[in-house]
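# Topology and contacts: notes
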Amino acid sequence: MERFSQILLTPDGDLQFSLDFSRQEDSRTRIHGEVSASLEFECQICLETFVDKVSCRIDAIVVNRFEELLELEQHENGIVAEKSFISLAEIVEDELILAMPMIPRHLSGDCFNRKRDGYNMKQEEKTVAQKSRDGFYKPFEDLAKTLDRIEERENLNGGSEK
């Protein structure tokens, strides 16, 4: 799991997985299972480390050629077996990489009142962090408001302002 360990803060952690294999009517193999890992991340708000669990479900059909992926239903995932061989480690690694958070952060709000190297978050940074934690943060929200104000000003002046 070289690719996965390269994007982790530390390569240590607990990994658990369970995979079931079955043969479908069309003679294709279906892989169904679950993967979970307890990993150490760096919070992108307070820069402190924390441990979080990453988990995902696997439900994929093994195909022999890339072209066969096009034959699968839209909701079905496929894995191409090169030379009739698939690596279970690569399947687990791929799924864990996809399940990792894009922006790791404390979800419990632990970092809002932390001090880091004598630095206290300002109130507006706490608000941005809180919005981000709650899933409502919109990074271009201020830009949209500015553009709306410019458009309103242009409408009031009866044309464009240049």
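As shown above, the structure is provided for reference.
Residues numbered from 1 in each chain as written. Predicted model: local features only at pLDDT ≥ 70, side-chain atom pairs only at ≥ 80, totals over all residues. Heavy atoms only, no water.

Under the 1.5 Å per step criterion, the end-to-end length of helix α4 (residues 141-157) is 25 Å for 17 residues, consistent within 8% with the ideal 24 Å. Positioned one or two residues after α4, G158 has a phi angle of 75°, which is positive. (Helix = DSSP H or I, 4+ residues; strand = E, 2+ residues; numbered from the N terminus. Expected span 1.5 Å × (residues − 1).)

Once that is clear, we can look at the nonpolar core. One finds F4, I31, V35, L39, F41, I58 and L96 to be the most contacted residues of the largest nonpolar core, which totals 22 residues. Secondary structure elements with two or more residues in this core: β2 (29-42), β3 (49-63) and α2 (88-99). For this core, the leading source of residues is β3, giving 6 residues. Ignoring any residue separated from it by four or fewer positions in sequence, one finds I58 in contact with L19, I31, H32, G33, V35, I91 and E95. (Core = buried A, V, L, I, M, F, W, Y, C linked by side-chain atoms within 4.5 Å. Buried < 20%, exposed > 50% of the residue type's maximum accessible area, 1.4 Å probe, protein only. Contact = heavy atoms within 4.5 Å.)

Let us look at unusual backbone geometry. Although it is not a glycine, S27 adopts a positive phi angle of roughly 70°. If you trace the backbone, S27 turns up in the loop between β1 (14-23) and β2.

Let us look at α2. Here α2 is 12 residues long and its end C-alpha atoms lie 17 Å apart, about the 16 Å a rise of 1.5 Å per residue gives. For α2, the complete set of buried residues consists of I91, V92, E93 and L96. Buried positions along α2 lie against α1 (2-6), β1, β2, β3 and β4 (77-80).

As a further point, take the pattern of salt bridges. The full count for this structure, using the stated rule, is 7 salt bridges. The residue E71 makes a salt bridge to R28 at a minimum N-O spacing of 2.9 Å. Taken together, the residues span a long stretch of sequence, with E71 in the loop between β3 and β4 and R28 in the loop between β1 and β2 at a distance of 43 residues. The closest approach of N and O atoms between R57 and E34, which form a salt bridge, is 3.0 Å. Separated by 23 residues along the polypeptide, R57 in strand β3 and E34 in strand β2 bring together distant segments of the chain. When its relative accessible area of 55% is taken as the criterion, R57 is described as exposed. Through salt bridges that share partners, D26, R28, R65, E67, E68 and E71 make up one connected network. (Salt bridge = Lys/Arg side-chain N within 4 Å of Asp/Glu carboxyl O.)

Together, F140, L143, L147 and I150 make up an exposed nonpolar region whose accessible area comes to about 410 Å². Here L143 lies in helix α4. (Patch = residues over 30% accessible without salt bridge, like charges linked within 9 Å, V, L, I, M, F, W, Y side chains within 5 Å. Areas by Shrake-Rupley, 256 points an atom, 1.4 Å probe, with all protein chains shown as cover.)

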